[in-house]
Amino acid sequence: KEDLELQRKELQRANNEAAEQTEQFEEQTKQLREQLELARSSQIKDDFYRRLTLLKQQESEIVYRWKEYKWNSSEQVGCKVTGFEAIEKYFANILQRPLHINNKSWLESHPCSCEAFRVWMRAFFTLVTDIMTFYKNEEQRQFYIRILIESTSIPMRGILYHDYVNLNIQSVEKAMAY
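About the criteria used
Residues numbered from 1 in each chain as written. Predicted model: local features only at pLDDT ≥ 70, side-chain atom pairs only at ≥ 80, totals over all residues. Heavy atoms only, no water. Helix = DSSP H or I, 4+ residues; strand = E, 2+ residues; numbered from the N terminus. Buried < 20%, exposed > 50% of the residue type's maximum accessible area, 1.4 Å probe, protein only. Contact = heavy atoms within 4.5 Å. Areas by Shrake-Rupley, 256 points an atom, 1.4 Å probe, with all protein chains shown as cover. Expected span 1.5 Å × (residues − 1). Phe/Tyr/Trp six-rings, centres within 6.5 Å; stacked < 30°, edge-to-face > 60°. Pairing = 2+ DSSP bridges. Salt bridge = Lys/Arg side-chain N within 4 Å of Asp/Glu carboxyl O.

Draft legend 1. Just the overall build of the chain, in detail. What the chain contains, in helices and strands, is 6 helices and 2 strands. Taken from N to C terminus, the helices and strands of the chain fall in the order α-β-β-α-α-α-α-α. Buried positions account for 33% of the 178 residues belonging to the chain. Across the chain, the fraction of contacts at a sequence separation of at least 24, relative to all contacts at a separation of at least 6, is 63%. As displayed, the chain has an accessible area near 12500 Å², and 52% of this comes from carbon and sulfur atoms.

Printed below as a string of structure tokens:
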């Protein structure tokens, strides 16, 4: 009878130890998950800022070309501006787009025929889509979208809004509302 009682106490002690180990394991798992989420969040932030820097570099590669008549002459001369000036020039001409051009061919009908501009636009909208995908918290989404928008020039914001409306891009509809 005493042996059985000792075995029962030993089993109870072993069960208690197993329960404590399970609790410790669950606590470690929780801590690892938190560390993993923190690392993932940090990686997403780092990626966001890296891509934002790349976006600024791409903006400087945008070129706008046009022809003008020389003053008091019928001779045309080629003109070219880059970076911020190209964006301003493009934005100044964006409202002169003929109304008959449909939304589907909007990108092809840009007065700015520069591939760098199209690359910039794709990178911008991809970044917006990624923000909307990675961040489930509405506050975080708004925070990063605002950083992205504030990092662009005013003419670029106008172009983005105008092109967004004309392209009717569903994936960034909510983000553009910010």
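Alright, that's what it looks like, and here's the rest.
Draft legend 2. Examining helix α3 (residues 115-134) more closely. When the terminal C-alpha atoms of α3 are compared, their 28 Å separation across 20 residues agrees well with the 28 Å that a helix rising 1.5 Å per residue should span. Listing the buried residues of α3 in full gives A116, F117, R118, W120, M121, F124, F125, L127, V128, D130, I131 and M132.

Draft legend 3. Structural context of the packing of aromatic side chains. As enumerated under the stated definition, the model contains 7 aromatic pairs in all. Each ring, one from F48 and one from Y49, has its centre 5.0 Å from the other, and the planes form 80°; the classification is edge-to-face. Exposure remark for F48: the relative accessible area of 2% places this residue in the buried category. Summarising the aromatic geometry, the rings of F143 and Y144 are spaced 5.0 Å apart at their centres and angled 85° between planes, so their arrangement reads as edge-to-face.

Draft legend 4. Region of the structure containing helix α1 (residues 2-60). For α1, which comprises 59 residues, the first-to-last C-alpha distance of 87 Å matches the rise-based estimate of 87 Å (1.5 Å per residue) to within 8%. By the burial criterion, the buried members of α1 are S41, I44, F48, R51, L52, L55, Q58 and E59.

Draft legend 5. Spatial organisation of the pairing of strand β1 (residues 63-69). Pairing analysis gives 7 bridges linking β1 to strand β2 (residues 76-82), with the strands arranged antiparallel. In the strand pairing of β2, E68 is matched with V77.

Draft legend 6. Highlighting the pattern of salt bridges. On inspection of all chains with the given rule, the structure shows 9 salt bridges. Across the pair R8 and E5 runs a salt bridge, and its minimum N-O distance is 2.5 Å. Note that R8 and E5 are positioned in helix α1 at a spacing of 3 residues, about one turn of the helix. R8 sits in the partly exposed class, given a relative accessible area of 49%. Across the pair E138 and R141 runs a salt bridge, and its minimum N-O distance is 3.8 Å.

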